[in-house]
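Now for the letters of each chain:
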There are 2 protein chains.
Amino acid sequence: MPAPTTLPISEMICFSLYSATHAMQHAYKPMLEALGLTYPQYLVLVSLWGEDGQTVGQLGQALQLESNTLTPLLKRLEAQGLVARARDSRDERQVRVSLTGVGRDMQARAADIPGCILEKSGMTLAALTALRDQVNALRDQLRG
Amino acid sequence: MPAPTTLPISEMICFSLYSATHAMQHAYKPMLEALGLTYPQYLVLVSLWGEDGQTVGQLGQALQLESNTLTPLLKRLEAQGLVARARDSRDERQVRVSLTGVGRDMQARAADIPGCILEKSGMTLAALTALRDQVNALRDQLRG
DNA sequence: GTTAAATATATCGCACACGATTAAATCGCA
DNA sequence: TGCGATTTAATCGTGTGCGATATATTTAAC
């Protein structure tokens, strides 16, 4: 009986995504470090720059993260003075996350990051956009 | 002066990869859980099924992980009886990781995972392969 | 109106990732 | 040969992710 065979790691789509995600975070790292941010913290700020005052649940929906990940992350952002957290007065179960002045100013300081990433990718914006849509389609299929 | 604008999180390629990686790990989870494995542990085993007796450094090269991640992970695999770790007698700096019988048998028990993932992806093998190559190209560009 | 079910967030424990540092073994070169 | 430089793992500290659970609030059923 022959030994079972397994696709080499380098040819597995799951590993492509896994390693590309790491490479992407590595590409962001020096720029985010200069702003004192981690990558997930940056994603939270991006989401808040788009819509301020979101609840923890809304942020979780946008980033596909649970409160057990977001709560400590948001506390760290609050400790840095970038956001404020407050219970919603209408529904005290919910916690609304608002940008502080410093948090809003961070948007300008981070403004050239996307361009730098585009450049590091060595791809055209059109190619990246097409790739993004394919990756999103795969993700949405996997989510069921 | 208008407020600076930032691309919505849903349109950022970095977030596509980030969320697709999470969705992929979520798809693997029930199957790996049945084998008592985490996703990174599974990747290590896949690598060893392809080439047994790799050093920690070789595994790190294949998976793009450092020893500070691999060492505790490998210790957990060793504690489960799936691998053995031993210093190379020729070069005692290196630690070689070998599959145990149980670790080898796991390959057969995991044999139908790739097919299940392919099915969950809802894509043809050709489409997935093409997407993989594009993602790999982006990753390799980002690595520089 | 009281109480059970549902909802939203927080807490706890475990397993990655990774920067920085340490320790041991090997290599290289005078 | 000897000794500094390099290589290889391991260790330490911080920050995610996430399953399981706890707590508080709101909703719904009666």
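Quick note: structure is the one above.
Residues numbered from 1 in each chain as written. Chains lettered and ligands numbered in written order. Predicted model: local features only at pLDDT ≥ 70, side-chain atom pairs only at ≥ 80, totals over all residues. Heavy atoms only, no water.

J.: Mind showing me how you'd approach the relation of the copies chain A and chain B here?
T.: One copy of the chain maps onto the second through a rotation around an axis plus a translation along that axis. When chain A is fitted to chain B, the residual RMSD is 0.0 Å, and the transformation amounts to a turn of 180° plus an axial shift of 0.0 Å. The operation mapping one copy onto its partner corresponds to a two-fold rotation axis. Nearest to the rotation axis, the C-alpha of Leu17 of chain A is located 3.1 Å from it, this being the minimum over chain A. (Least-squares fit on C-alpha atoms with pLDDT ≥ 70 in both.)

J.: Help me understand the protein's contact with DNA strand D in this model?
T.: Taken together, 27 residues surround DNA strand D, and among them Thr38, Gln41 and Asn68 of chain A together with Tyr18 and Thr71 of chain B come closest. Within 4 Å of the protein, the contacting atoms of DNA strand D are drawn from sugar and phosphate to the extent of 64%. Within the side chain of Thr38 of chain A, an N or O atom sits 2.6 Å from a phosphate oxygen of DNA strand D. Contact distances for DNA strand D include 2.6 Å between a phosphate oxygen and a side-chain N or O atom of Gln41 of chain A. (Near = heavy atom within 4 Å. Polar contact = N/O pair within 3.5 Å; in protein donor to acceptor, adjacent residues only side chain to side chain.)

J.: Teacher, can you tell me more about the nonpolar core here?
T.: Grouped burial of nonpolar side chains is what soluble globular proteins tend to show. The biggest cluster of nonpolar side chains holds 92 residues, and the ones touching the most others in it are Tyr28 and Tyr42 of chain A together with Tyr28 and Tyr42 of chain B. Not counting residues within four places of it along the chain, the set of residues in contact with Tyr28 of chain B comprises Met12 and Cys14 of chain A together with Tyr39, Tyr42, Ile113 and Ile117 of chain B. (Core = buried A, V, L, I, M, F, W, Y, C linked by side-chain atoms within 4.5 Å. Buried < 20%, exposed > 50% of the residue type's maximum accessible area, 1.4 Å probe, protein only. Contact = heavy atoms within 4.5 Å.)

J.: Just to check I follow, could you spell out helix 7 (residues 125–143) of chain A for this structure?
T.: Structurally, the α-helix is built with 3.6 residues per turn, so residues lying three or four positions apart point the same way. Here helix 7 of chain A is 19 residues long and its end C-alpha atoms lie 26 Å apart, about the 27 Å a rise of 1.5 Å per residue gives. Among the residues making up helix 7 of chain A, those that are buried are Leu128, Leu131, Arg132, Val135, Asn136, Leu138, Arg139 and Leu142 of chain A. All buried residues of helix 7 of chain A lie within an arc of 165° about the axis, which places them on one face of the element. Looking at the buried positions of helix 7 of chain A, the neighbouring elements they touch are helix 1 (13–35) and helix 6 (113–121) of chain A together with helix 1 (13–35), helix 6 (113–121) and helix 7 (125–143) of chain B. Looking at the residues trailing helix 7 of chain A, positive phi occurs at Gly144 of chain A, about 80°. (Helix = DSSP H or I, 4+ residues; strand = E, 2+ residues; numbered from the N terminus. Expected span 1.5 Å × (residues − 1). Arc of directions from axis to C-beta.)

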